[in-house]
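# Structural overview for review
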Amino acid sequence: MNDTLGLIMWVIIPYMALVSFILGHVWRYRYDGFGWTTRSSQMYESKLLRIGSPLFHYGIIFVFLGHVVGLAIPKSWTAAVGISNEVYHFMAVTIGLGAAAATVGGLALLIYRRRTNNRVFGATTKMDKLMYLMLAITILAGVYSTIFESLIGHYDYREGISVWFRQFWIFQPDVGLMTSAPVGFQVHVMSAILLFALWPFTRLVHVFTVPLGYLTRPYIVYRSKDAVRQPERRGWEKVDF
């Protein structure tokens, strides 16, 4: 990969995606507040949704937490607290692949449900289809890279991709760290970058709508009809409101 292409892929595009992610959410919240929703299709079909949705959401949460640890925490820090490289990789592979299996299974079930149920498919937008495609590419490329390029191929992403990721946030990304990474990891990272660029314009915005007020709101008090029954009036009596 030549220097110009590497600069475009691993510097320009990632920063453009970051701008799209931030400004896109601001625009969406300001001008499309009523569209800030999951566009739930539960009313059309709920049996498959009850299985696929928890699998996908719980799986993706653990996948996200694993990426936070793997990308944001330097290798020297985990070694300093007594976690050897072998132990770290064992935990990353076992827990990570378990979370990935749940995520892939849930996503496959959700896509199958959306494609085979006419009412759910009728409520599917073009952006939904693009979102599912990018999610599938990102997740499958990550699973492939973990198994074939990290576990079998012995590529240590913590010495390459993770370093580039941390450099990215201080505006000093080393392009060479990404261009020298295996192709599977490059596909995984680039598809994730493009997914984040598209994020504000899809139903994924619901991730940032955390119903914290639900935890502190007052209880809803229900009263029986007998407790508030009004005295009967004749139909011709005048009632003042």
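Residues numbered from 1 in each chain as written. Predicted model: local features only at pLDDT ≥ 70, side-chain atom pairs only at ≥ 80, totals over all residues. Heavy atoms only, no water.

## Observations concerning the packing of aromatic side chains
Here is the rule: For this analysis, a ring pair means two rings from Phe, Tyr or Trp (six-membered ring only for Trp) whose centres lie within 6.5 Å, classed as stacked if their planes differ by under 30 degrees, edge-to-face if by over 60, and tilted for the remaining angles. Any Lys NZ or Arg CZ that is within 6 Å of a ring centre and within 35 degrees of that ring's normal is treated as a charge sitting over the ring.
Under the criterion given, the structure shown has 16 aromatic pairs. Grouping aromatic residues by their ring pairs yields a cluster made of Trp10, Tyr15, Trp164, Phe165, Phe168, Trp169 and Phe171. Looking at Arg115, its charged tip hangs above the ring of Phe121, at a distance of 4.4 Å from the centre. Cation over ring: Arg158 sits above Tyr88, and NZ or CZ is 3.8 Å from the ring centre.

## Considerations on the UniProt feature "transmembrane region" (unreviewed entry) in the chain
As a reminder of what qualifies: UniProt positions are given in the numbering used here, feature names are shortened, and annotations may be inferred rather than shown by experiment. Put simply, DSSP marks the helices as runs of H or I at least four residues long and the strands as runs of E at least two long, and each gets a number from the N terminus on.
The UniProt record annotates "transmembrane region" (unreviewed entry) at residues 6-27, 48-68, 88-112 and 132-155. Regarding residues 6-27, the helix share stands at 100% and the strand share at 0%, and the terminal C-alpha atoms are separated by 30 Å. The span residues 132-155 is 83% helical and 0% strand by assignment, and the distance between its end C-alpha atoms comes to 28 Å.

## Details of the environment of Lys75
Selection criterion: Contacts: residue pairs with any heavy atoms within 4.5 Å of one another. Throughout this description, a polar contact denotes any pair of N or O atoms lying within 3.5 Å of each other; where both atoms belong to protein, one of them has to be capable of donating a hydrogen while the other can accept it, and for residues adjacent in sequence the pair is counted only when both atoms sit in side chains.
Positionally, Lys75 belongs in helix α3 (residues 75-80). A C-alpha to C-alpha distance of 9.5 Å links Lys75 and Val163, two positions 88 residues apart in sequence. Sequence-distant contacts of Lys75, defined by excluding residues within four places in its chain, comprise Asn85, Asp156, Arg158 and Glu159. Side-chain polar atoms of Lys75 contact the side chain of Asp156, separated by 2.7 Å.

## A word on the side chain of Asp128
Here Asp128 lies in helix α6 (residues 126-151). A polar contact of 2.8 Å, which involves the side chain of Asp128, links it to the side chain of Arg203. Residues within four places of Asp128 in sequence aside, it is in contact with Arg39, Arg114, Ala123 and Arg203.

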